[in-house]
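Architecture and fold: a report
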Amino acid sequence: MIQITDNNAFHLQTNNTSYVIKVLESGHIGQLYYGRRIHNRDTYDSLYSNFSRDLEVGTAYSKATKGFTLESTRLEVGESGKGDYREPSVRLVYEDGTRTTDFNYQDHHLYTGKEPLEGLPATFCNEDSVQTLDITLKDEVADVELVISYSVFEEADVITRSAKIINGSKQPIRIEKLMSMNFDIHGKNFDIMTLDGRWVKECNINRRPLSKGTFYIDSKRGVSSSEHNPFMALLSNKADELTGDVYGFGLIYSGNHKAAVELSSLNIARIQMGISDHDFTWDLECSESFQTPEVVMTFSHMGLGQMSRNFHKIIEHNLVQKQWQNKIRPVLINNWEATYFDFDEKKLMALAKEAVKLGIELFVLDDGWFGRRNDSTSSLGDWDVNLKKLPSGLKKFGKNLNKMGLDFGLWVEPEMVSINSDLYRSHPEWAIQIPGRQPSLGRTQLVLDLSREDVVDYLYNKLSDLFRKSKVSYVKWDMNRNFSDLYSPRLDSKHQQEQSHRYVLGLYNLLERLTNEFPQILFESCASGGNRFDMGMLYYMPQTWTSDNTDAVERMDIQYGTSILYPLSTMGAHVSDSPSSQVLRQTPLETRFNVAAFGLLGYELDLTKLNAFEKKVIKKQITYYKKHRQLLQFGHLYRIQSPFDDNIMQWMVVNEEKTEALFGYYQKLQQTVSGLEQMRMVGLNADSFYKVTAREMSMNIRQFGNLINEVLPVKIKAHSIPHTILSNHYEFKTESEEVSAYGSELMYAGMALKAQYSSNGYNEDVRHIGDFGSRVYYVELDKSHT
Ligand code: DGJ
């Protein structure tokens, strides 16, 4: 709820947090407090502090406000020209060339619910408890308004923010920078956390202390990028997964973005987030307006874990479209790593046949089905089936899959064009490039200029026709390069720097139309994996291909890092071949599953090459996943031990009622005498009595090498042909572990695990986890306990 006091203080309250702002005497909006929930009061003046009186060299804002200086004040909008020397959140250039702005309180409007943001994805409300506050500020001299909007989501402990400039003047104005959010907080004992990476190494967790000066992350690539996810958190120095104050900020946007934090000499930390001001300007004619994307803010006094769960909640309930909320996702086979470009109908059907036998539900036909696409150098843009590869056409191919019991999914990369394509030959002006310059290529392709309406209309018609005719139930929407050579013939020179944002608006327009027309199609977004894993895309497409790196060990880091902001229900995760294509690492099949199972499970390997052992194992994996997928996809996630800090990674998912959970335990390298282990759980009900059972898994007996005869009832020669034959067929079961205990024991004392193998011989009281080994434990209420 939002409380407004007589002297215009606004108390935005969620179940566990309070955000208090106030109209200051100067007319600016002051930030008074953000943190744990406090009581409603008639006034919040006691929370206001300012250093003005102590300053000798400050620039006094106005005569009327005496010694008041903006730079010593915590503000909701940062401006330049009136004595605030920190980073501005709004920078305008007026017709007369002046850059000083002075936005002061005009009025406010409070209402129940939330209006959509024009042309942009944003959170929406399902429940009546959402309230929105629009505060209108005005630069009187220039006759320009700035509206800052706040929406309060009580249940998720989330407040969203955005900003809008309305040019009421008779002159055009230029926006050089307009951040969605400016938030000033007092204090310096914070760490900054960001999610950084690159291709096949997305979402590494980085944490460093806040220090004087400005730190920022951004994207200049045109997409939100795997370099820096549009996310930043400010954590009290001692905060960890379970304790401490954490402020989290995420941007609902898929293009160039920026998140900055500046610690001033007065120890005010200013955090900003929004569209990057790099290569960005926007010209507003009279009575035009500009809307920023939305920032999702959350605060947790219970550490990083709770911050993540708040984000997960809002994404799952207020961002992902209703038809996909809580809707279980199919187990899929994707032919990319199984065949790459080298396939024909026969090969695909053989793959599909195996997939059905294993229990897979959806067949995804990846890159290479169209035009003359036999490698990555041609045909993007020519979205007509290659009849040499698929003689019966897409529709028939899909029908055949359906007859076998599989749904049909298709890969497209619509935002791109190959120079060697019919589309490029007929419309070279549709590709982003500069006349007279050789364009720089990414993966030998160019980006289509989605800032143009005609290009967006063309794509809409082409794709809707394709989706309608091929009757697909799933689409993987790929995007495999960053921007270069920016120029659009449709924009005059004054508007050229609007192209990147106009591109994003064009993309959103296209997605809005397609997803409205095909609400039943499950869209998965992808950009060379996680190069555009962001909340903007999740609004249209409820899931994302997390990374092109399918190596299970690398995936531990990637998925763990991604979960800082994004829920498991958004993360595509596949079991691929061993050795993995990305690092040539050999990883046990069960670990490949145990990693992928905490997400949206798929298989991406040549199933026709599996041996009997692998087939039996995969079949069981899929059965197990299907049984528990509601929990694995939509359970509440608790991270316990980070793969970034340790050799072991642990996390678990718990259902809403706390009656069941699944625990994932993963080891990077085997160590001798690794010590006794107590597996401590989180998120359970302390008073409930649970039974914990390890998932029964199968080991490949090749792992035992020369010691094979220590574990088998029959004698065979190590490394002999019988050893190989046996290992291709025989399912050697992992140790069984089962415990019944109160939630309090499992959480506070932990479950005592069997000792790991350590040259002490193997028997049923030993866990042989090995390099890249793992376990999954199922936790349920123990009904036998009275
Ligand atoms: C990049 C994607 O991330 C891969 O999964 C695959 O679809 C390829 N593109 C196909 O070109």
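Structure: above.
Report on the accompanying structure.

Conventions adopted
- Residues numbered from 1 in each chain as written.
- Predicted model: local features only at pLDDT ≥ 70, side-chain atom pairs only at ≥ 80, totals over all residues.
- Heavy atoms only, no water.
- Pairing = 2+ DSSP bridges.
- Helix = DSSP H or I, 4+ residues; strand = E, 2+ residues; numbered from the N terminus.
- Axes fitted to C-alpha atoms, helices over the stretch in contact; angles between N-to-C directions.
- Contact = heavy atoms within 4.5 Å.
- Near = heavy atom within 4 Å.
- Polar contact = N/O pair within 3.5 Å; in protein donor to acceptor, adjacent residues only side chain to side chain.
- Areas by Shrake-Rupley, 256 points an atom, 1.4 Å probe, with all protein chains shown as cover.
- Nonpolar A, V, L, I, M, F, W, Y, C, P; charged D, E, K, R; others polar.
- 1 Å grid on protein atoms, 1.4 Å probe; cavity = no way out; pocket = protein on both sides within 12 Å on 5 of 7 lines; lining within 4 Å.
- Points joined across faces, edges and corners; volume = space filled by probe spheres on them.
- Phe/Tyr/Trp six-rings, centres within 6.5 Å; stacked < 30°, edge-to-face > 60°.
- Buried < 20%, exposed > 50% of the residue type's maximum accessible area, 1.4 Å probe, protein only.
- Patch = residues over 30% accessible without salt bridge, like charges linked within 9 Å, V, L, I, M, F, W, Y side chains within 5 Å.
- Salt bridge = Lys/Arg side-chain N within 4 Å of Asp/Glu carboxyl O.
- Lys, Arg positive; Asp, Glu negative; His and termini not counted.
- Charge placed at Lys NZ, Arg CZ, Asp CG, Glu CD.
- Core = buried A, V, L, I, M, F, W, Y, C linked by side-chain atoms within 4.5 Å.
- Expected span 1.5 Å × (residues − 1).

**Here we look at the sheet that holds strand 26 (residues 474-477)**
If you walk around this closed barrel you meet the eight strands as 21-22-23-26-27-28-29-30, and the pairing is parallel. Across the sheet, the mean angle from the axis of one strand to that of its neighbour is 30°, orientation sign disregarded. The strands that helix 3 (residues 345-358) touches are strand 21 (332-334) and strand 22 (362-365); relative to strand 22, the one it contacts most, it runs at about 155°. Running over the sheet, helix 6 (residues 453-470) touches strand 23 (407-412), strand 26 and strand 27 (522-525) and is turned about 160° from strand 23.

**Digging into the site of the ligand**
With respect to spatial proximity, 13 residues lie near the ligand, and among them Asp366, Asp367, Lys476, Asp478 and Asp548 are the closest. Here Trp411 contributes a side-chain N or O atom positioned 3.1 Å from an oxygen atom of the ligand. Trp545 places a side-chain nitrogen or oxygen 3.4 Å from an oxygen atom of the ligand. Expressed as a share of its isolated accessible area of 290 Å², the protein-covered part of the ligand is 97%. Split by residue class, the shell around the ligand holds four nonpolar, three polar and six charged.

**So, the layout of surface pockets**
Roughly 940 Å³ of volume is contained in the largest pocket. Residue lining of the largest pocket: 42 residues in total, with Glu118, Gly119, Leu120, Gln291 and Leu505 positioned closest to the centre. Sort the elements by how many residues they give to the lining of the largest pocket and helix 7 (residues 499-517) lands first, with eight residues.

**With respect to the packing of aromatic side chains**
For any pair of aromatic rings, the description consists of the separation of the ring centres together with the inter-plane angle of the planes. Taken as a whole, this structure holds 39 aromatic pairs when the rule is applied. Both rings, one in Tyr247 and one in Phe299, keep their centres 4.8 Å apart while their planes meet at 50°; by these two values the pair is tilted. Here Phe299 lies in strand 20 (residues 294-300) and Tyr247 lies in strand 15 (residues 246-252), a separation of 52 residues in the sequence. Residue class for Phe299 comes out buried when judged on its relative accessible area of 3%. Aromatic side chains Phe370 and Trp383 sit 4.4 Å apart centroid to centroid with 45° between the ring planes, which places their arrangement in the tilted category.

**Section: a positive patch on the surface**
Taken together, the side chains of Lys395, Lys396, Lys399, Lys403 and Lys471 present a region of like positive charge at the surface. Assignment of secondary structure puts Lys399 in helix 4 (residues 393-404). Looking at Lys399, the relative accessible area reads 46%, which means it is partly exposed.

**What about the environment of Phe183?**
Mapped onto the secondary structure, Phe183 falls in strand 10 (residues 173-186). Spatially, the C-alpha atom of Phe183 lies 5.6 Å from that of Glu76, the residues being 107 residues apart in sequence. Discounting residues that sit within four places of it in the chain, Phe183 has contacts with Tyr19, Gln31, Tyr34, Glu76, Tyr247, Phe249, Ala269, Arg270 and Ile271.

**What to know about the nonpolar core**
Grouped together as the largest cluster of nonpolar side chains are 194 residues, with contacts concentrated most on Ile165, Phe363, Leu365, Trp369, Phe467, Trp477 and Tyr603. For this core, the element with the highest residue contribution is helix 11 (residues 612-634), accounting for eight residues. For Leu365, the contacting residues outside a window of four places in its chain are Asn335, Phe343, Leu348, Leu390, Leu394, Phe397, Phe408, Gly409, Leu410 and Trp411. In terms of nonpolar packing, the next biggest core, distinct from the first, is built from 23 residues, Ile648, Phe663, Met681 and Val692 among them.

**Thoughts on helix 3**
When the terminal C-alpha atoms of helix 3 are compared, their 20 Å separation across 14 residues agrees well with the 20 Å that a helix rising 1.5 Å per residue should span. If you check which residues of helix 3 are buried, you get Glu345, Leu348, Met349, Leu351, Ala352, Glu354, Ala355 and Leu358. Contact partners of the buried residues in helix 3: strand 21, helix 2 (336-339), strand 22, helix 4 and helix 11.

**Overview of the pairing of strand 2 (residues 9-13)**
Along strand 2, five of the five residues are buried, which leaves the element largely enclosed by surrounding structure. Of the two faces of strand 2, the one lined by Ala9, His11 and Gln13 and the one lined by Phe10 and Leu12 are each fully buried. Where strand 1 (residues 2-4) and strand 2 come together, three bridges link them in antiparallel fashion. In the strand pairing of strand 2, Ile4 is matched with Phe10. As consecutive antiparallel partners, strand 1 and strand 2 are separated by four residues, and within that stretch Asn8 has a phi angle of approximately 55°, a positive value.

**Describing the sheet that holds strand 42 (residues 774-781)**
One open sheet holds the six strands; their spatial order is 31-32-33-42-35-38, and the pairing between them is antiparallel. The sheet terminates laterally at strand 31 (636-641) and strand 38 (738-742), the two strands that pair on one side only. Here the strands of the sheet are splayed against their neighbours by 20° on average, with no regard to which way each runs. Inspection of the sheet shows strand 35 (residues 689-694) paired to strand 38 by five bridges, in the antiparallel sense. Within strand 38, the residue paired with Val692 across the bridge is Val739. Across the sheet, helix 11 is in contact with strand 31, strand 32 (648-654), strand 33 (660-667) and strand 42; its angle to strand 33 comes to roughly 95°.

**Some remarks on the side chain of Gln667**
Tracing the chain through its elements places Gln667 in strand 33. A relative accessible area of 2% places Gln667 in the buried class. There is a polar contact of 3.0 Å between the side chain of Gln667 and the backbone oxygen of Gly770. Apart from the residues lying within four places of it in its own chain, the contact partners of Gln667 are Met556, Asn647, Ile648, Gln756, Ile769, Gly770, Asp771, Phe772 and Gly773.

**Considering the environment of Ser473**
With respect to the element layout, Ser473 can be found in the loop between helix 6 and strand 26. Separated by 51 residues in sequence, Ser473 and Asp422 have C-alpha atoms that sit 27 Å apart. With near-sequence residues (within four places) excluded, Ser473 lies in contact with Leu362, Asp407, Phe408, Gln520, Ile521 and Leu522.

**As for the pattern of salt bridges**
For the structure on display, the rule yields 47 salt bridges. A salt bridge links Asp277 to Lys258; its shortest N-O distance comes to 3.2 Å. Of this pair, Asp277 sits in the loop between strand 17 (268-275) and strand 18 (282-284) while Lys258 is found in strand 16 (residues 257-263), placing the two residues 19 residues apart along the sequence. We note that Asp277, like Lys258, is buried. Three or more residues are tied together by salt bridges with common partners; here these are Asp84, Arg86, Asp184 and Arg270.

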